[in-house]
Amino acid sequence: MEAAVSSDGESAGELVLRAVALVPWTRYALAALALAAALLYRFLELHFLGDLLRGLRGGRVALTFHPESQVYHRVVSKCRSLHGRYLATPWLASPHLQTLFLSISGRPPSFTYRRQLYTVRDGGTIALDWLLASDLEAADVESCDESISRDDSAPLLVVIPGLTSDSSAAYVKHLVFSMASKGWNVVVSNHRGLGGISMTSDCFYNAGWTEDMREVVNFLHQKYPEAPLFTVGTSIGANIVVKYLGEEGESTPVAGAASICSPWDLLVTNRFISRKLVQRLYDRALAIGLKGYAKLHQPVLARLANWEAITSSSSIREFDRHATCVVAKYETVDTFYRKCSSANYIGNVSVPLLCISALDDPLCTREAIPWDECRANKNIVLATTPNGGHLAFFEGLTAGRLWWVRPVSEFLCALRDSSYMHRQKAQEHGLHSSLESSIDKTPYVNFMEDGMVAAVTNDGPDKDDSLHSQIVSEIELNDGMVAIQQNEHTGEIQNESDSGVGDKNNSEGNVASVQGHEGNHKQREEPEANNIRDAIAPVRRSIHQITRSQGKSVWLLAYIAVVTSWPLLGALGYFLFRKRFSNSMLAKKPKKL
């Protein structure tokens, strides 16, 4: 097929080239700029045009909570910021621009911390940086000698920073200054090895390390018992806070908490940051920060792990493989991520908790947010915004404020003024904890009336334990009530026999221990019977406890067990005794003459 030819003998291709050459080059430059802008708009995930189409009103804050949550109805309902909209700074209308601007500048308020060094049990050192409400009123913090008294009832906030961040981070300063200006005393618990503090032990922090927070919280609660204690975690610090609350349950002294941009599921988050090009850039940048942290403590870390492998790590996963898993003794990186993910502990959180996350977070993906788990817990309210980046949420034309600081302060202040603050409950030493603490010491256990399990030893009395100088337990038997009173100082045991003398005037429920020649004589005559009864008594007591607590369920289970097991027992008995049975039948059979 011949190509089309013009009247002048030019082909179609030549005609197109002539037409293209007639277009000015400025038009091509504008087209190239438009294409590059479109690609850049897509790459940076800009949303300025969307904000403009919405009338610059921003995106609405979505709340996820249990329908019967009193934390939402009585506390969060008073927080205006959580029932409004969030509009990002127009010239930072991108999660990447917001996150980058936060790391470069962030425009934090200017103030000076007070530093306190705290030594944990394993010898590690933690820097506690304080900003008191009174410090903002003083002209010079260093010259101000005022400190918190033991009876001070002003609320106390503990802030846990993110990965490789400390009290000097811009977002930390925004939060600290905002809460201190409202009359709160704020302390930033820096991670080990950060804040200009060297490592004094072989233990390093990681995304699931909650021991330091536990010690700091208990220390502050004991030192300032009248001050209600709150905590806020950011990024990795948020994962630590939620994991700690789930581990402690009702026994934590924390009255309320907030989690900002938590990774939730470390395994999902790690997969996310290695998926796209822009996320891989974040991965490499965070790995550089971790290697910088490791370099600060090279003498300690090089002794515990392979230093060359650590310095050659190009991603967070490689750093965790060569450093975190080795020091913290995790089998694999995935094991470390699974065991340290705070999403596994949400169901046991017993403290009012506000969680804030941005759906466009470039580091902590929305795919890891545990929506259903947060909705199932009445203590948790999850707030999500369409935009915000990672810990940024800049607002205003000058980007001088972080939006998430405002709802956090509103939530904590409303919770402080309400009756829904968490109150610490004494830790109940149930069956599981008692078995762990007692059976390791001795193979003998004693079931008490209240369901407790206590170790029974032959060791002498503990002179240092003045709180437990006398142990009294009542054991109910079938043939009567036996009151056993054990005195740790004398080692005497007094038994009441079946025919013992009791006080008829006190027959309403008080059982007295009676000692007499008849009881002692009976005890000497029947030592084996007493030993058997003493051995059976705990078993009967435990069965009695289960029967009282479970009611008809125990008898139903017993009935099912009998009905389902008698055919098996019958068949087993037939095979065991069939030979003897056949021999007896042959012996009874009359012989023929």
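All values derive from a computational prediction rather than experimental measurement.

The rules behind the values
Counting starts from 1 at the beginning of each chain's written sequence and moves along it residue by residue. Whole-chain, interface and lining totals are the exception, using all residues; otherwise, since this is a predicted model, local features are given only for residues with pLDDT of at least 70 and side-chain atom pairs are given and counted only at 80 or more. Processing note: side-chain calculations cover all non-hydrogen atoms of the structure and skip hydrogens and water entirely. DSSP calls a pair of strands paired once it identifies at least 2 bridges connecting them. Here a strand is any run of E in DSSP of at least two residues, a helix any run of H or I of at least four, and the numbering for each starts at the N terminus. Throughout, nonpolar core names a set of buried Ala, Val, Leu, Ile, Met, Phe, Trp, Tyr and Cys residues whose side chains join them through atoms within 4.5 Å. Only protein chains enter the calculation, and the probe is 1.4 Å; a residue is then buried if its accessible area is under 20% of its type maximum, exposed if over 50%, and partly exposed in between. The criterion used for residue contact is that any of the two residues' heavy atoms lie within 4.5 Å. Fitting a line to C-alpha atoms yields each axis, with helices limited to the stretch in contact; the angle taken between N-to-C directions then spans 0 to 180 degrees. Identification of polar contacts relies on pairs of N or O atoms within 3.5 Å, with a donor-acceptor requirement for protein atoms, meaning one able to donate a hydrogen and the other able to accept it, and with residues adjacent in sequence counted only if both atoms are side-chain atoms. Like-charged residues are merged into a patch within 9 Å and nonpolar side chains (Val, Leu, Ile, Met, Phe, Trp, Tyr) within 5 Å, provided each residue has over 30% relative accessible area and no salt bridge. Here, Shrake-Rupley sampling with a 1.4 Å probe gives the accessible areas, and only protein chains in the shown set may cover a residue. Salt bridges are defined by distance alone: a side-chain nitrogen of Lys or Arg within 4 Å of a carboxyl oxygen of Asp or Glu. Orient the strands so they point away from the viewer, and a crossover whose first-strand-to-second-strand path over the helix runs clockwise is right-handed. Any two rings among Phe, Tyr and Trp, with Trp reduced to its six-membered ring, count as a pair given centres within 6.5 Å; such a pair is stacked if its planes are under 30 degrees apart, edge-to-face if over 60, and tilted if neither. When the NZ atom of lysine or the CZ atom of arginine is within 6 Å of a ring's centre and also within 35 degrees of its normal, the charge is said to sit over that ring.

Visitor: Would you mind showing me how to read the pairing of strand β4 (residues 114-119) here?
Guide: Sheet faces and side chains relate simply in a regular strand, where the side chains alternate between the two faces. Across 6 bridges, the pairing between β4 and strand β5 (residues 125-131) is antiparallel. Bridging across to β5, R114 finds its partner in W130. In sequence, β4 turns back onto β5 through a hairpin of 5 residues, with G123 there showing a positive phi of about 95 degrees.

Visitor: Is there a simple way to think about the nonpolar core in this case?
Guide: Note on soluble globular proteins: their nonpolar side chains tend to be buried together. Formed by 69 residues in total, the largest nonpolar core has its most connected members in W130, L220 and L245. In terms of residue count, the dominant contributor to this core is helix α8 (residues 236-248) (6 residues). Setting aside anything within four residues of it in sequence, one finds L220 in contact with W130, L156, V158 and V187. Membership of the second largest hydrophobic core comes to 54 residues, among which are L82, Y171, L175 and A358.

Visitor: Help me understand the sheet that holds strand β11 (residues 380-385) in this model?
Guide: Hydrogen bonds between backbone atoms are what pair the strands of a sheet, whose relative direction is either parallel or antiparallel. Sheet architecture is open: 9 strands sit in the order β2-β11-β10-β9-β8-β6-β7-β5-β4, paired in mixed fashion. Each edge of the open sheet carries a strand with a single partner, namely β2 (62-65) and β4. The mean angle between the axes of side-by-side strands here comes to 20 degrees, regardless of whether they run parallel or antiparallel. Strand direction decides the pairing type here: strand β8 (residues 229-234) and strand β9 (residues 254-260), joined by 6 bridges, are parallel. Along β9, the bridge assignment pairs F230 with G256. In this fold α8 packs onto β6 (156-160), β8, β9 and β10 (353-358), with an angle of close to 135 degrees to the strand it touches most, β8.

Visitor: I keep staring at the side chain of S201 and nothing clicks. Help me out?
Guide: Within the secondary structure, S201 sits in the loop between β7 (185-189) and α7 (211-223). Of the residues examined, S201 reaches a relative accessible area of 8% and is grouped as buried. Here the side chain of S201 touches R192 through a polar contact of 3.0 Å, side chain to side chain.

Visitor: What exactly am I supposed to notice about a nonpolar patch on the surface here?
Guide: A contiguous nonpolar surface patch, about 510 Å² in accessible area, is contributed by V16, V20, V23, W25 and Y28. The residue V20 is located in helix α1 (residues 12-22) in this model. According to the relative accessible area criterion, V20 is partly exposed, its value standing at 40%.

Visitor: I keep staring at the pairing of β9 and nothing clicks. Help me out?
Guide: When you tally the buried positions in β9, you get 7 out of 7 residues, the bulk of the element. Crossover connection from β8 via α8 to parallel β9: handedness right-handed. Examined bridge by bridge, β9 and β10 share 4 bridges and lie parallel to one another. Paired with I260 across the bridge in β10 is I356.

Visitor: I'm lost on the packing of aromatic side chains in this one. Help?
Guide: Counted under the stated rule, the structure contains 15 aromatic pairs. Taken together, a centroid distance of 5.6 Å and an interplanar angle of 45 degrees make the contact between Y86 and W403 tilted. Here Y86 is found in strand β3 (residues 85-86), whereas its partner W403 is found in the loop between β13 (401-402) and α16 (405-416), with 317 residues between them in sequence. Assigned by exposure class, Y86 and W403 land together as buried. An aromatic cluster is built from Y86, F393 and W403, whose rings are joined through pairwise contacts. Lying across the ring of F111, K173 places its NZ or CZ 5.5 Å from the centre.

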